[in-house]
Amino acid sequence: MILFLSIVFSFLLAITSFILSYIINKNILISLIIGIFAFLLVIALFCGAIILILIFKGKQFAKTYDPRDKKRWRLMNDVSSFIIFWLGIKIHVKGMDKLPKKQPLVFYSNHQGFLDMFVYDLVLKSYPRGSMYKIEHTKNPIISGMVKALGGVPVDRSDDRSAVKSVLTIINEVKNGVNFMIYPEGTRSRGITLNDYHAGSFKIAQKSGAPLVVLAIDGAYKKSCAIPFFRTNIYVEIVDVYENEKICSMPTVELSKLVFEQTKKALEIARNNKKKED
């Protein structure tokens, strides 16, 4: 709905401003500039409105813990659709048929940038999920309320005892039927580099009793240095799904290396295919 309204109002105001300006001054160039300005103004106003919605609705939703609440995810899907569309992002998805249904899942993905969460909101919209996030995000007034409202659990990596407590919380949530997203690199790579995966994060999948889903995302880092509205391709692949029985028999170090290598290979294949297409 947010995306639809932004498209309608932006083009409507732009066209109206262009026509009225041309009627008044008979100058096509000036009228065109005014029309473009009106278009950008509407988009900017919608961006400001979304920030306010995330702040205030996030705080409201965060008062009650219900990560499977459809209203919360409908809002985030609307926000994500708006962001992805106006940034000019085209999402290419591979392997959705591999995902099990009607059971909680633990997703493990590489982490290239802030756009990852919005991309996954759309790709995995049928799989509402909480996420493990850095405790520093709790100080961000824009997203702190919403990530908590969506079932997010903060992790303080500087405090081992606190980190263990957060991991146990996530394990219990997954056992209670909540899907969870884990970024085992621990931070954004902001480029093509794939950082080492933290073995400890794989305890969550092992102890929760849920299948482990290996995800790979590529191209999200490019948008940080690209112009909005111009197309940027982002590739997402569901690489593999491991039943819990299989991963429980593996040491976490070995499991993390396996998932790391699978993700690395998937990224390499995606990049090679992109070069061939170009």
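Below is a summary of the structure that appears in this document. Predicted, not measured: the structure shown is a model, and the values here were computed from it.

Concerning the packing of aromatic side chains
Stage number 1. Per the counting criterion, the structure on display carries nine aromatic pairs.
Stage number 2. Measuring from ring centre to ring centre gives 6.3 Å for F46 and F82, while their planes differ by 25°; the resulting arrangement is stacked. One end of the pair, F46, is in helix α2 (residues 28–62); the other, F82, is in helix α3 (residues 70–86), and 36 residues separate them in sequence. Comparing F46 with F82 shows no difference in burial state: the two are buried.
Stage number 3. Cluster of aromatic residues (ring-pair linked, three or more members): F11, F39, F85 and W86.

Things to note about the packing of helix α1 (residues 2–25) against α3
Stage number 1. At their nearest, the axes of α1 and α3 sit 8 Å apart, and the two run at 45° to each other. Regarding the angle of α1 to α3, the classification is oblique. Between α1, through I2, L3, S6, I7, S10 and F11, and α3, the contact on the second element is made entirely by D78, V79, S81, F82, F85 and W86.

With respect to the pattern of salt bridges
Stage number 1. According to the stated counting rule, one finds two salt bridges in the structure shown.
Stage number 2. Between D218 and R271 there is a salt bridge, with the nearest N and O atoms lying 2.9 Å from each other. Residue D218 is found in strand β6 (residues 212–218), and its partner R271 is found in helix α9 (residues 252–277); the two are separated by 53 residues along the sequence.
Stage number 3. Residue classification places D218 among the buried residues on the basis of a relative accessible area of 7%.

Focus on the nonpolar core
Stage number 1. If you look at the biggest cluster of nonpolar residues, it comprises 44 residues, and the most contacted ones within it are F107 and L124.
Stage number 2. Counting residues per element, the ones that place at least two in this core are α1, α2, α3, α4 (116–123), α5 (144–149), β6 and β7 (232–242).
Stage number 3. Once residues within four sequence positions are removed from consideration, L124 is found in contact with L99, F107, R129, M181 and L215.
Stage number 4. Of all hydrophobic cores here, the second largest spans 31 residues; its members include A163, F202, Y242 and I247.

So, the side chain of S109
Stage number 1. By the secondary structure assignment, S109 is in strand β2 (residues 106–109).
Stage number 2. Judged by its relative accessible area of 0%, S109 is buried.
Stage number 3. A distance of 2.6 Å separates a polar atom in the side chain of S109 from a polar atom in the side chain of Y120.
Stage number 4. Discounting chain neighbours no more than four positions away, the residues touching S109 are Y120, M181, I182, Y183, P184, Y197, L215 and I217.

Side note on the pairing of β6
Stage number 1. The buried fraction of β6 is high, at seven of seven residues.
Stage number 2. Neither face of β6 is exposed, since L212, V214, A216 and D218 on one face and V213, L215 and I217 on the opposite face are all buried.
Stage number 3. Two elements, β6 and β7, share seven bridges in a ladder whose sense is antiparallel. By the bridge assignment, I217 is partnered in β7 with V236.

Observations concerning empty space enclosed by the protein
Stage number 1. Evaluation of the coordinates by the stated rule reveals one cavity of 30 Å³ or more.
Stage number 2. Put simply, the largest cavity is a space of about 60 Å³.
Stage number 3. L54, M76, M117, F118, I143, M146, V147 and L150 together form the lining of the largest cavity.
Stage number 4. Those elements that provide at least two residues to the lining of the largest cavity are α4 and α5.

About the criteria used
- Residues numbered from 1 in each chain as written.
- Predicted model: local features only at pLDDT ≥ 70, side-chain atom pairs only at ≥ 80, totals over all residues.
- Heavy atoms only, no water.
- Phe/Tyr/Trp six-rings, centres within 6.5 Å; stacked < 30°, edge-to-face > 60°.
- Helix = DSSP H or I, 4+ residues; strand = E, 2+ residues; numbered from the N terminus.
- Buried < 20%, exposed > 50% of the residue type's maximum accessible area, 1.4 Å probe, protein only.
- Axes fitted to C-alpha atoms, helices over the stretch in contact; angles between N-to-C directions.
- Parallel < 35°, antiparallel > 145°, perpendicular 65-115°, else oblique.
- Contact = heavy atoms within 4.5 Å.
- Salt bridge = Lys/Arg side-chain N within 4 Å of Asp/Glu carboxyl O.
- Core = buried A, V, L, I, M, F, W, Y, C linked by side-chain atoms within 4.5 Å.
- Polar contact = N/O pair within 3.5 Å; in protein donor to acceptor, adjacent residues only side chain to side chain.
- Pairing = 2+ DSSP bridges.
- 1 Å grid on protein atoms, 1.4 Å probe; cavity = no way out; pocket = protein on both sides within 12 Å on 5 of 7 lines; lining within 4 Å.
- Points joined across faces, edges and corners; volume = space filled by probe spheres on them.

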